[in-house]
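# Observations on the model geometry
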Amino acid sequence: MKNSFLFTILVLGIWSCTNLPAKSISLTVLSDKTEVTIPKPSISHIKYFFDDELYQDGKRIFRFQTITNTSINKAFGTSIAATDPFGNSLQRKSEIQKFYNQIDTLLVLKNSVKNTYRSSSILKPLLKQLREIQISKTTRKVVLLYSDILEASDVFNVYKKHNKKLLIKEPKKVVEYIQSEITIPELDGVELFIIYYPTDRINNRLFEKMTAVYQELFKDSGLRLQIGIENKIPF
């Protein structure tokens, strides 16, 4: 009897070690519609994260919001639950395909919109989405920001002559000014990818300066900031 009891404990111990909670991921896309030169969100970028083997059995959460000349815009979302250990593998495959189809349909729809705007409110909607993803109960938290990050709002306007000069000559003063307008929250565990490819020398210079501003703004927040995203080579 004693041996049977010990065997049962051993089996349960092995089962619990091999059935740890699956790792999960939240991913938010922010698509800046204020310039036609800004790259459009890509399903391949999104699948780059979601298709990681770490999350194959875990929950995957997707959110999408456009960036325009206002700080408040509609957000869209979909998700797929963690795998049921006793579920049907074919049904799971079908659910994953449906999940991707929903995302792809949304991207096609939003990428086809031709609207561009004279001004761009980027930081306020970005901060809102960063806060929301930070409190999500997932293992990994990723925000993909498709934008030239050239703010033109009540927070800061890059295109005003004085501000443009300040950005180029004294970016730290731009940081101080923006910090007086907004509050940067704690963002431990959140990753931000800024996706933009400057089209000329002037845009390149402004983007580099605003990148430095972002790095300074978020340096003590715990946010992991990266410029660009790796593209897998198709075979």
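That block above? That's the structure.
### Some points on helix α2 (residues 43-50)
- Among all positions in α2, only H45, I46, F49 and F50 are buried. Take α2 and look down its axis: the buried residues cluster within an arc of 130 degrees, on one side only.
- On its buried face, α2 is in contact with β1 (25-32), β2 (60-67), α3 (89-111), β4 (140-146) and β5 (190-195).

### Brief notes about the side chain of N111
- Locating N111 in the fold gives a position in helix α3.
- Excluding residues that lie within four positions of it along the chain, N111 makes contacts with K33, K40 and P41.

### Re a positive patch on the surface
- Together, K161, K165, K169, R201 and R205 make up a positively charged patch on the protein surface.
- Mapped by element, the contributors of at least two residues to the positive patch are α5 (161-169) and α7 (201-217).
- Looking at which element gives the most residues to the positive patch, the answer is α5, with three residues.
- Its relative accessible area of 77% is what places K161 among the exposed residues.

### Quick look at the environment of Q129
- Looking at where Q129 falls in the secondary structure, it is placed in helix α4 (residues 123-134).
- Overall, Q129 belongs to the buried group, its relative accessible area being 1%.
- With 100 residues separating them in the primary sequence, Q129 and V29 have C-alpha atoms 9.2 Å apart.
- Ignoring sequence-local partners within four residues, the contact set of Q129 consists of T28, L30, R63, Q65 and A75.

### Structural notes on the packing of α5 against α7
- Axis separation between α5 and α7 bottoms out at 9 Å; the angle between their running directions is 70 degrees. Taken together, α5 and α7 sit at an angle that is classed as roughly perpendicular. Contacts between α5 and α7 involve K164, L167 and I168 from the first element and R205, L206, K209, M210 and V213 from the second.
- Here the contact of α5 with α7 is composed, by residue class, of five nonpolar, no polar and three charged.

### Remarks on the sheet that holds β5
- Reading across from one edge, β3-β2-β1-β4-β5-β6 is the order of the six strands in this open sheet, with mixed pairing throughout. At either end of the open sheet lies a strand with only one pairing partner, and these are β3 (75-80) and β6 (224-227). Averaged over all neighbouring strand pairs, the angle between strand axes comes to 15 degrees, with direction disregarded.
- As paired strands, β1 and β4 are joined by seven bridges and run parallel to one another. Each residue of the ladder has a partner; that of S26, found in β4, is K141.
- Of the strands in this sheet, β4, β5 and β6 are in contact with α7, which crosses β6 at around 170 degrees.

### With respect to the pairing of β6
- The sheet contact formed by β5 and β6 spans four bridges and is parallel. Paired with L192 across the strands is L225, a residue of β6.
- Handedness of the crossover joining β5 and β6 through α7: right-handed.

### Some words on the nonpolar core
- Ranked by internal contacts, the top residues of the largest apolar core, which has 58 residues, are F62, L144, L145 and Y214.
- Non-local contacts of Y214, meaning those with residues more than four positions away in its chain, are made with I122, L123, L126, L145, I149, I194 and L225.

Each value, and the rule that gives it
Residues numbered from 1 in each chain as written. Predicted model: local features only at pLDDT ≥ 70, side-chain atom pairs only at ≥ 80, totals over all residues. Heavy atoms only, no water. Buried < 20%, exposed > 50% of the residue type's maximum accessible area, 1.4 Å probe, protein only. Helix = DSSP H or I, 4+ residues; strand = E, 2+ residues; numbered from the N terminus. Arc of directions from axis to C-beta. Contact = heavy atoms within 4.5 Å. Patch = residues over 30% accessible without salt bridge, like charges linked within 9 Å, V, L, I, M, F, W, Y side chains within 5 Å. Areas by Shrake-Rupley, 256 points an atom, 1.4 Å probe, with all protein chains shown as cover. Salt bridge = Lys/Arg side-chain N within 4 Å of Asp/Glu carboxyl O. Lys, Arg positive; Asp, Glu negative; His and termini not counted. Charge placed at Lys NZ, Arg CZ, Asp CG, Glu CD. Axes fitted to C-alpha atoms, helices over the stretch in contact; angles between N-to-C directions. Parallel < 35°, antiparallel > 145°, perpendicular 65-115°, else oblique. Nonpolar A, V, L, I, M, F, W, Y, C, P; charged D, E, K, R; others polar. Pairing = 2+ DSSP bridges. Right-handed = clockwise from strand over helix to strand, strands pointing away. Core = buried A, V, L, I, M, F, W, Y, C linked by side-chain atoms within 4.5 Å.

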